[in-house]
Amino acid sequence: MKPANPQTAAARLKKFSPLRPTLAIVLGSGFHHALTELRVDQKLAYARIPGFPKPTVSGHAGELYFGHLGGTPVLVLSGRAHFYEGHAMDRVTFATRTLAAFGVTDLLLTNAAGGLNKHFHAGDFMVLTDHINFMGTNPLRGSAIPGLMRFVDLTDTYDAELRRLLSQAATACKLKIRSGVYLAVSGPSYETPAEIRAFARLGADAVGMSTVPEAIAARQCGLNVAAVSCITNLAAGISKDKLSHTEVLETAERVKTSGAQLIRNFAELYGELKIKN
Ligand code: HPA
């Protein structure tokens, strides 16, 4: 079988709807409730988009939406392919490359993460200022892609203007928002307490199993990126309790309304900014 091509997938999306949003949002655990705020124009199962992997994690639906969020046209991806599911990195980043080929210019990535920063609590939200890629591989490894940079600069991975919009979006719903460095591991096991102590020394504020591959691929494609974590638990050894996916899902459920409002407000502010510029 011929390898999937993001251009082909993007062409399929364009046939599906006349809407041409410049903003795309990837919903991770803790953020799916944002769909309740979305005025849906069209919904498309990932299975119908050539090259999109089928998510296998519960709580990750695998659907792409065309719609309006806070009045702004958006593409919303409910669910993502994770590296720990066994996908190769080109599959993990396929949706991101499709979005770029479609014509999206700005990408908001959301995820669930464990908190390392002593000031964080379960249920907090954190805007990513930077990341540490501890996944043991790089999504750009492999043959060079014609027309795209081989050695991508990651100095400003997370766009300052989009980060400012996230802060404003939080203020608008009276949500105290944290900021910090996200460290990505491959998973799927949670970390040991010794690893968490080491990561804290490295400068990480939160740890998770996604987002970084997409952010790197997006930067290679020239997209502006922003990312936000729902701190669903304190990381191993910081919390007295053992870690479980159930706790992650329970916290995500508890703060789902805040997460949804944050994303909605962000989309609205983004739309206002686009009109001004
Ligand atoms: N570690 C890694 N990934 C996670 C965590 C964690 O503690 N919580 C949610 N995703």
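Reading guide: rules and limits
Residues numbered from 1 in each chain as written. Predicted model: local features only at pLDDT ≥ 70, side-chain atom pairs only at ≥ 80, totals over all residues. Heavy atoms only, no water. Helix = DSSP H or I, 4+ residues; strand = E, 2+ residues; numbered from the N terminus. Rg over C-alpha atoms; globule rule 2.2 N^0.38 Å. Buried < 20%, exposed > 50% of the residue type's maximum accessible area, 1.4 Å probe, protein only. Contact = heavy atoms within 4.5 Å. Near = heavy atom within 4 Å. Polar contact = N/O pair within 3.5 Å; in protein donor to acceptor, adjacent residues only side chain to side chain. Areas by Shrake-Rupley, 256 points an atom, 1.4 Å probe, with all protein chains shown as cover. Pairing = 2+ DSSP bridges. Phe/Tyr/Trp six-rings, centres within 6.5 Å; stacked < 30°, edge-to-face > 60°. Salt bridge = Lys/Arg side-chain N within 4 Å of Asp/Glu carboxyl O.

Draft legend 1. Here's a closer look at the overall build of the chain. Broken down by element type, the chain carries eight helices and nine strands. Against the compact-globule benchmark of 19 Å for 277 residues, the chain has a radius of gyration of 17 Å, which places it among compact chains. Here the C-alpha coordinates of the chain stretch approximately 50 × 40 × 35 Å along the principal axes. With 277 residues in all, the chain has 53% of them scored as buried.

Draft legend 2. Seen up close, the side chain of Q220. Residue position: Q220 is located in helix α6 (residues 212-220). Residue Q220 is classed as buried on the basis of its relative accessible area, which comes to 7%. The residues touching Q220, leaving out its near neighbours within four places in the chain, are R97, L140, I145, L148, M149 and V152.

Draft legend 3. Structural context of the site of the ligand. Contacts to the ligand come from A112, A113, G114, Y190, E191, V207, G208, M209, T232, N233, L243 and V248. Interatomic distance of 2.7 Å between a side-chain N/O atom of N233 and a nitrogen atom of the ligand. The protein chains hide 95% of the 260 Å² of surface that the ligand would expose on its own. Of all elements in the fold, only β5 (106-115), β8 (206-208) and β9 (224-234) reach the threshold of two or more residues within the shell around the ligand.

Draft legend 4. Geometry of the environment of E214. Tracing the backbone shows E214 in helix α6. Taking C-alpha positions, E214 is 6.1 Å from T96, a pair spaced 118 residues apart along the chain. Look past the residues within four positions of E214 in its chain and what remains in contact with it is V26, R80, V92, T93, T96 and L109. Among the polar contacts listed, one links the side chain of E214 to the side chain of R80, at a separation of 2.8 Å.

Draft legend 5. Molecular detail of the pairing of strand β1 (residues 23-27). Within β1, five of the five residues are buried, leaving the element largely enclosed by the surrounding structure. Along β1, one buried face is formed by L23, I25 and L27 and the opposite face, lined by A24 and V26, is buried too. Looking at chain direction, β1 and strand β4 (residues 72-78) are connected through five bridges and run parallel. Bridging from a neighbouring strand, V26 pairs with L77 of β4. Looking at chain direction, β1 and β5 are connected through four bridges and run parallel. Residue V26 lies in a different strand from β5, and its bridge partner there is L109.

Draft legend 6. The arrangement of the side chain of H68 in detail. Assignment of secondary structure puts H68 in strand β3 (residues 63-69). On the accessibility criterion, H68 (14% relative accessible area) is buried. Not counting chain neighbours up to four residues away, the residues in contact with H68 comprise L19, E37, L38, R39, D41, P73 and V74.

Draft legend 7. Broad picture of the pairing of strand β6 (residues 125-133). Two strands pair when backbone bridges link them, and β6 and strand β7 (residues 177-184) are joined in this way by eight bridges, in the parallel orientation. Looking at β7, one finds that M126 is bridged to R178. Two elements, β6 and β9, share three bridges in a ladder whose sense is antiparallel. Note that in β9 the partner of F125 across the bridge is C230.

Draft legend 8. Representation of the packing of aromatic side chains within the structure. For the structure shown, the criterion picks out six aromatic pairs. Seen from their ring centres, F134 and F199 are 4.9 Å apart, and the 65 degrees between their planes marks the pair as edge-to-face. One end of the pair, F134, is in the loop between β6 and α4 (160-172); the other, F199, is in helix α5 (residues 193-202), with 65 residues separating them in the sequence. Taking the relative accessible area as the measure of exposure, F199 reaches 5% and is therefore buried. Aromatic rings pair up to connect F16, F66 and F102 into one cluster.

Draft legend 9. Structural detail: the pattern of salt bridges. This model, assessed by the stated rule, comprises seven salt bridges. The residue R264 makes a salt bridge to E37 at a minimum N-O spacing of 4.0 Å. Of the two residues, R264 is situated in helix α8 (residues 256-276) and E37 in the loop between β1 and β2 (38-45); the sequence distance between them amounts to 227 residues. The closest approach of N and O atoms between D124 and R178, which form a salt bridge, is 3.0 Å. Taken together, the residues D124 in the loop between β5 and β6 and R178 in strand β7 connect sequence positions 54 residues apart. You can call R178 buried: its relative accessible area is 14%. Through salt bridges with shared partners, one network takes in E37, R264 and E268.

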